[in-house]
Amino acid sequence: MGEKQYLLDRTLEAWKGKRVALAVSNDHSFTGILKDFDEEVILLSDVVDIAGNRAKELIIKIDDLNWIMLL
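Residues numbered from 1 in each chain as written. Predicted model: local features only at pLDDT ≥ 70, side-chain atom pairs only at ≥ 80, totals over all residues. Heavy atoms only, no water.

Chemist: Can you help me understand unusual backbone geometry in this one?
Modeler: Note on backbone geometry: most residues besides glycine have negative phi, and most peptide bonds are trans. Phi angles above zero are rare outside glycine, and Asp46 is one such case at about 50 degrees. With respect to the helices, strands and loops of the structure, Asp46 is situated in strand E3 (residues 41-49). Its relative accessible area of 44% is what places Asp46 among the partly exposed residues. (Helix = DSSP H or I, 4+ residues; strand = E, 2+ residues; numbered from the N terminus. Buried < 20%, exposed > 50% of the residue type's maximum accessible area, 1.4 Å probe, protein only.)

Here you go:
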């Protein structure tokens, strides 16, 4: 595991349970509570997309993320 992955793991662990915003594949933006993550995916709960659509949970492949920020 490289240093960047280590930094990502540390950061996501600190953000668990907090609201985040993220962009997927340059096309879609979501906000939600960071529920869990592993080497491949991130799980959000109480999700809202940019159009206001709501979902209970969303799984996103880490490879498809453009950015993620703590709100």
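Chemist: Could you clarify how one ought to interpret the environment of Arg54 in this entry?
Modeler: Structurally, the position occupied by Arg54 is in strand E4 (residues 54-61). Linking Arg54 and Thr31, residues 23 residues apart in sequence, is a C-alpha distance of 9.7 Å. In contact with Arg54, not counting residues within four places along its chain, are Val47 and Val48. (Contact = heavy atoms within 4.5 Å.)

Chemist: What's the story with the sheet that holds E3 in this structure? I'm lost.
Modeler: Pairing between the strands of a sheet comes from backbone hydrogen bonds, and it takes one of two forms, parallel or antiparallel. The 5 strands are arranged E4-E3-E2-E1-E5 in an open sheet whose pairing can be described as antiparallel. Each end of this open sheet is capped by a strand with a single partner; those strands are E4 and strand E5 (65-70). Going from strand to strand, the sheet's axes swing by 40 degrees on average, the running direction of each strand aside. As defined by bridge partners, strand E1 (residues 19-24) adjoins strand E2 (residues 28-37) across 6 bridges and the pair is classed as antiparallel. In the sheet register, Arg19 faces E2, and the bridge partner there is Ile33. (Pairing = 2+ DSSP bridges. Axes fitted to C-alpha atoms, helices over the stretch in contact; angles between N-to-C directions.)

Chemist: How should I be thinking about the nonpolar core in this particular structure?
Modeler: Across soluble globular proteins, nonpolar side chains show a tendency to be buried alongside one another. In terms of nonpolar packing, the biggest core is built from 14 residues, with Leu22, Val24, Leu34, Ile42, Leu44, Ile60 and Leu65 touching the most fellow members. Taken together, the elements giving at least two residues each to this core come down to helix H1 (3-15), E1, E2 and E3. Setting aside its immediate chain neighbours within four residues, Ile42 contacts Leu12, Leu34, Asp36, Phe37, Leu58, Ile59, Ile60, Ile62, Leu65 and Ile68. (Core = buried A, V, L, I, M, F, W, Y, C linked by side-chain atoms within 4.5 Å.)

Chemist: Explain the environment of Leu12 here, please?
Modeler: Among the structural elements, Leu12 can be located in helix H1. Once the C-alpha coordinates of Leu12 and Ile42 are considered, the two residues, 30 residues apart in sequence, prove to be 9.1 Å apart. In contact with Leu12, other than residues within four places in its own chain, are Leu34, Phe37, Ile42 and Ile68.

Chemist: Looking at this structure, I do not really get the pattern of salt bridges. What am I missing?
Modeler: In this structure the tally under the stated criterion is 3 salt bridges. Note that Lys16 and Asp36 form a salt bridge whose closest N and O atoms lie 3.3 Å from each other. Note that Lys16 is positioned in the loop between H1 and E1 and Asp36 in strand E2, a separation of 20 residues in sequence. Residue classification places Asp36 among the partly exposed residues on the basis of a relative accessible area of 37%. Here Lys35 makes a salt bridge to Glu57, at a shortest N to O gap of 2.5 Å. Of this pair, Lys35 sits in strand E2 while Glu57 sits in strand E4, and the two are 22 residues apart along the sequence. Owing to a relative accessible area of 43%, Lys35 belongs among the partly exposed residues under this scheme. Residue class for Glu57 comes out partly exposed when judged on its relative accessible area of 42%. Three or more residues joined by partner-sharing salt bridges are found here, namely Glu13, Lys16 and Asp36. (Salt bridge = Lys/Arg side-chain N within 4 Å of Asp/Glu carboxyl O.)

Interpretation note: all reported values are geometric properties and have no functional meaning in isolation.
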